[in-house]
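# Understanding the architecture of this molecule
Here is how the chains run, residue by residue.
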Amino acid sequence: MSTSLSLLLLLTIFAVAQAALQIPLHGKNSLYENDLKIRGVNLGGWLVLEPWITPSLFKQFEGLPPDQQAVDEWTFCDLLPDAESQLQQHWATWVTYDELKTLADSDITHLRIPVGYWILSIDPSEPWVSGGWPYLVNVVDWAGSLGLKVIIDLHGAPGSQNGFDNSGRRGGVYWAYNQTFINRTVDVIKQIADFFDTPQYRDVVVGIELVNEPRWDIPLNIVQDYYFSGYNAIRTSPQDSMWDMSVVIHDSFRFYDWWGFMQPPNYQNVILDTHIYSVFDENLLTKSYDQHLDWACSFKDSIRNSNYNLWTVVGEWCIAVTDCTQWLNGFGVGARYDGTMDGYPYIGSCVGDTDINNSTTFNPEYKAFLNEFFEYSHDAFSAGSGWFFWNFKAEASPQWSYLDGLAQGWIPKDLDSITRSCDSRKK
């Protein structure tokens, strides 16, 4: 028997065994609706600030001495006397009902909503501004009225799980090495589960992601131990049963290290989240349009195979092919693509790259490529349990904005109309 045939047989046997043990995704309160896969967007830059998504909030710090510049939400809250009023205004306006309706009317089925631990837990020594929770609940209510499902994603953990600004605090990674931080995180997860895993919200909030993007060099056993604790916190929610709330775990940038983890029958409705971007690797930045399409399609088989192990979603992806967006790599940090980021050689110009009104950059060929890149990525990532595009919008980065893509036409409003298939690209 050939090696490929043997592997196919093993995967088939595994899939049949798992189907008999794990609650199917198209079952009660599942990630699926009528056997359709997730087609979701992230509501990023809202309850966890990221300078590149909303540069209007961070331009006030340009030109100031470094110790007076906010680079993340922690320093934004710490440095601004009126941080609370600015954040209240932002929370009230960044996500609108009409935008969610546009998404729902364009075949989007799910929202992934990033939150920081500080939405429910602030230590007196921390500068965070409280008050985001009622805005979250309001948007969940909107989602429910529109038939959208929600996954609450813990994007920022105490001490930071990755040192990225999108964790709320740029710099060191302390979360994994401080048991108090981990215990606080588990407590926040339990509070979220206790609130949303109730009859009022159970058909809307279908999952909780235990933590976003724990850094790749944190010992895997620490990440896994936390996942066990987070899973138990959700499953011991007073209203929970073995299938009511999906538990989403990020792959910690180690996609192939989760085979056999959290398997049924002891663990039910566990989702593996992986993130796929081409803009943070200088080798990928040099690819041609055609090579980018092949690159997107190259994930299809591995995502399909992973889905036999744990339901697998691509929780973040976009159709940008450069990192030219201002502050994408951090406030005050340049881009790899044009060599303005320290240590990277020049590849090409960033002039006009994010200006949707620049007809030289956003010419018919480029717009056609964006459409192809979206559609082939959609096909590849749908080989698993679905996807969440990052982001639903951005102030100055159309390649990262689902709403801009809909308005400009490179993202189709009818996702079922997509006919491009990665299988047709195979040589």
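Below: a short report on this structure. (Residues numbered from 1 in each chain as written. Predicted model: local features only at pLDDT ≥ 70, side-chain atom pairs only at ≥ 80, totals over all residues. Heavy atoms only, no water.)

## Some words on the overall build of the chain
Note the following rule: Only DSSP runs of H or I covering at least 4 residues are called helices, and only runs of E covering at least 2 are called strands; the numbering of each starts at the N terminus. Classification of residues uses two cut-offs on accessible area relative to the type maximum, computed with a 1.4 Å probe and protein chains only: under 20% is buried, over 50% is exposed, and between them is partly exposed. We call two residues contacting when some pair of their heavy atoms lies within 4.5 Å.
Scanning the chain from N- to C-terminus turns up 12 helices and eight strands. Residue burial in the chain is summarised as follows: out of 427 residues, 58% are buried. Considering only contacts in the chain between residues 6 or more positions apart, those separated by 24 or more positions represent 75%.

## With respect to unusual backbone geometry
Among all residues except glycine, the phi angle is most often negative; among peptide bonds, the trans geometry is most common. At the junction of proline 264 and proline 265, the peptide bond is cis and its omega measures out at 5° in the coordinates. By the element assignment, proline 265 lies in the loop between strand S5 (246-250) and strand S6 (270-276). The phi dihedral of glutamate 213 is positive, around 50°, even though this residue is not glycine. Within the secondary structure, glutamate 213 sits in the loop between strand S4 (205-209) and helix H7 (220-235).

## Some remarks on the pattern of salt bridges
For clarity, the cut-off: We define a salt bridge as a contact between a side-chain nitrogen of Lys or Arg and a carboxyl oxygen of Asp or Glu at a distance within 4 Å.
If you walk through the whole model with that rule in mind, you get 19 salt bridges. Arginine 304 is the partner of aspartate 301 in a salt bridge, and the nearest nitrogen-oxygen pair spans 2.8 Å. Highlighted residues: aspartate 301 and arginine 304, both in helix H10 (residues 300-309), separated by three residues, approximately one helical turn. Among the charged side chains, a network of salt bridges with common partners joins Arg112, Asp153, Glu209, Asp273 and Glu316.

## With respect to the side chain of serine 401
Mapped onto the elements, serine 401 comes out in the loop between strand S8 (386-389) and helix H12 (402-408). Excluding residues that lie within four positions of it along the chain, serine 401 makes contacts with Phe389, Asn391, Phe392, Lys393 and Ala394.

## What to know about the side chain of histidine 250
Basically, it comes down to this: Distance and chemistry together define a polar contact, namely a pair of N or O atoms within 3.5 Å, with one atom able to donate a hydrogen and the other to accept it when in protein, and with adjacent residues in sequence counting only for side-chain atoms on both sides.
Of note, histidine 250 is situated in strand S5. At 3.4 Å, the side chain of histidine 250 and the side chain of histidine 275 are in polar contact.

## What to know about the pairing of strand S2 (residues 110-116)
What counts here: Two strands qualify as a pair provided DSSP detects at least 2 bridges between them. The definition of a right-handed crossover adopted here requires that, viewed with the strands pointing away, the path from the first strand over the helix to the second runs clockwise.
Burial analysis of S2 places seven of its seven residues in the buried class, which makes it a mostly covered element. Here S2 shows a buried face lined by His110, Arg112, Pro114 and Gly116 and a second buried face lined by Leu111, Ile113 and Val115. Of the strand pairs in this sheet, strand S1 (residues 38-42) and S2 are connected by three bridges, and their pairing is parallel. For valine 41, the partnering residue across the bridge sits in S2 and is leucine 111. The handedness of the S2 to strand S3 (residues 149-156) crossover, carried by helix H5 (residues 133-146), is right-handed.

## Quick word on the nonpolar core
Note the following rule: Among buried residues, those of type Ala, Val, Leu, Ile, Met, Phe, Trp, Tyr and Cys that are joined through side-chain atoms within 4.5 Å constitute a nonpolar core.
Residues Ile113, Phe196 and Tyr402 are the most contacted members of the largest nonpolar core, which totals 124 residues. Of all the elements, helix H11 (residues 364-381) adds the most residues to this core, at eight residues. Those residues in contact with isoleucine 113 that sit more than four places away from it in its chain are Leu43, Trp46, Leu47, Leu136, Val139, Val140, Val150, Ile151, Ile152 and Asp153. Among the nonpolar cores identified, the runner-up in size contains eight residues, and Ile38, Val248, Trp311 and Phe388 belong to it.

## Observations concerning the packing of aromatic side chains
Under the convention used in this document: Pairs were defined over the aromatic rings of Phe, Tyr and Trp, the Trp ring being its six-membered one, requiring ring centres within 6.5 Å. Orientation was assigned from the angle between planes: stacked under 30 degrees, edge-to-face over 60, tilted for the rest.
Applying the stated rule across the entire model yields 46 aromatic pairs. Taking 5.9 Å as the distance between ring centres and 80° as the angle between the ring planes, the aromatic pair formed by tryptophan 94 and phenylalanine 392 counts as edge-to-face. Linking tryptophan 94 in the loop between helix H3 (83-93) and helix H4 (97-104) with phenylalanine 392 in the loop between S8 and H12, this pair joins segments that are 298 residues apart in sequence. On the basis of relative accessible area, tryptophan 94 is assigned to the buried category, the value being 7%. Taking the relative accessible area as the measure of exposure, phenylalanine 392 reaches 0% and is therefore buried. Seen in terms of ring centroids, tyrosine 97 and tryptophan 142 are 6.0 Å apart; in terms of plane orientation they differ by 80°. Their pairing is edge-to-face.

## Structural notes on H7
In an α-helix, one turn spans 3.6 residues, which is why side chains three or four residues apart end up on the same side. Stated precisely, the cut-off is as follows: An expected span of 1.5 Å times one less than the residue number is assigned to each helix.
An ideal rise of 1.5 Å per residue puts 22 Å on 16 residues; H7 measures up with 22 Å between its terminal C-alpha atoms. Taken residue by residue, H7 has Val223, Gln224, Tyr226, Tyr227, Gly230, Tyr231, Ala233, Ile234 and Arg235 as its buried positions. Residues of H7 that are buried sit in contact with S3, helix H6 (179-196), S4, S5 and S6.

Remember, this is a structural readout, not a statement about activity or role.
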